[in-house]
Amino acid sequence: SPVPGALDLPVNAGGDQYTSQSGVTWLADQPYQTGGFGYINNSSQVLTDYVLPGDYEIFGTQDQTLYQDFMQGQVVEYKFDLYPGNYQVRMKWAEYAYDQPGQRVFDVLAQAQTLVQGLDLNVVSSLETAYDQVFYDIPVTITTGSDSSALGLGTLDVKLQAQTQSPDVPFLSAIEVIGEQPAPTSTATPTATATSTATPP
């Protein structure tokens, strides 16, 4: 269940801003900068605005757009600078190219810990079919000396890492980060106000 006041940060990996059928605004993808979120550039990563042909339907979703663009490469990595706490991470895929098990296999990691070893969408789902997976209780803490620590933030690092040597693995269609606790609110700091006091003559 959503936590009232918690962070909800949906990102359309590899694509532009998109409003889903349920009214959720998925943010456009962007490069990571300290204090924000986005993908980490590396030599094998490609930002893709691939659009499927009109007769190419992705089953199991009303939001075709979310699955029609993606980030891909031998390593796909995203960082989110967040307040300390626990977070859920939802990822979306739809296998569009390979129809046999073993052709696209990759590991899913968060905070350098393996969440799924050897994810094969042809094993857990079907070709041209939306597949979502949610990972819970991922901790974010402040690392002393990091760029984000000066802002009072920690970093959530999510990485997809290839197990096979295809130029098209892995890939990610969308990623959503959800707080498991309310986001902190800023509080105004009282400031002293000068007052004049009458002085007897």
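**Re the sheet that holds strand S7 (residues 75-82)**
Step number 1: Read across the open sheet, the five strands follow the order S4-S7-S12-S9-S10; overall the sheet is antiparallel. Of all strands in the sheet, those bounded by a partner on one side alone are strand S4 (37-39) and strand S10 (113-119). Strand-to-strand twist in this sheet, taken as the mean axis angle between neighbours without regard to direction, amounts to 10 degrees.
Step number 2: In this sheet, S10 lies alongside strand S9 (residues 106-110) in antiparallel orientation, the contact comprising four bridges.

**Overview of the sheet that holds strand S1 (residues 6-12)**
Step number 1: The strand order across the open sheet formed by six strands is S2-S3-S1-S14-S8-S11, and the pairing between neighbours is mixed. Only two strands of the sheet have a single neighbouring strand rather than two, namely strand S2 (18-19) and strand S11 (130-140).

**Examining the environment of Asp120**
Step number 1: Checked against the element boundaries, Asp120 lands in the loop between S10 and helix H2 (121-124).
Step number 2: Sequence separation between Asp120 and Glu95 is 25 residues, and the spatial gap between their C-alpha atoms is 9.4 Å.
Step number 3: Setting aside residues up to four positions removed in sequence, Asp120 forms contacts with Pro101, Gly102, Arg104 and Val105.
Step number 4: Within the local environment of Asp120, its side chain forms a polar contact with the backbone nitrogen of Asn122, the two atoms lying 3.0 Å apart.

**Details of the packing of aromatic side chains**
Step number 1: The final tally for this structure, using the stated rule, is seven aromatic pairs.
Step number 2: Each ring, one from Phe37 and one from Phe80, has its centre 6.1 Å from the other, and the planes form 10 degrees; the classification is stacked. In this pair, Phe37 sits in strand S4 while Phe80 sits in strand S7, placing the two residues 43 residues apart along the sequence. Of the two residues, Phe37 and Phe80, both sit in the buried class.
Step number 3: Ring centres of Tyr39 and Tyr78 lie 6.4 Å apart, and the angle between their planes is 75 degrees; this geometry places the pair in the edge-to-face category. A residue pair is termed long-range when its members are at least 10 positions apart, and Tyr39 in strand S4 and Tyr78 in strand S7 qualify at 39 residues.
Step number 4: Taking the relative accessible area as the measure of exposure, Tyr39 reaches 11% and is therefore buried.
Step number 5: Three or more aromatic residues joined by ring pairs form one cluster here, namely Phe70, Tyr96 and Phe171.

Parameters at a glance
Numbers given for residues are sequential positions, taken from 1 along each chain in its written order. Local features in this predicted model are restricted to residues of pLDDT 70 or higher, and side-chain atom pairs are both shown and tallied only at a pLDDT of 80 or more, whereas totals for entire chains, interfaces and linings draw on every residue. Each side-chain value is worked out from all heavy atoms of the structure, with water and hydrogens disregarded. Should DSSP find at least two bridges between two strands, the strands are taken to pair. Helical segments are the DSSP runs of H or I of at least four residues, strand segments are the runs of E of at least two, and each set is numbered from the N terminus. Simply put, an axis is a line fit to the C-alpha atoms, just over the touching stretch for a helix, and the angle between two N-to-C directions goes from 0 to 180 degrees. Should any heavy atoms of two residues lie within 4.5 Å, those residues are counted as being in contact. In protein, a polar contact requires one atom able to donate a hydrogen and another able to accept it; more generally it is a pair of N or O atoms within 3.5 Å, and residues adjacent in sequence count only if both atoms are side-chain atoms. Whether two aromatic rings pair depends on their centres lying within 6.5 Å, for rings of Phe, Tyr and Trp, where Trp uses its six-membered ring; planes under 30 degrees apart make the pair stacked, over 60 edge-to-face, and the rest tilted. Whether a residue is buried, partly exposed or exposed follows from its accessible area with a 1.4 Å probe, protein chains only, as a fraction of its type maximum: under 20%, in between, or over 50%, in that order.

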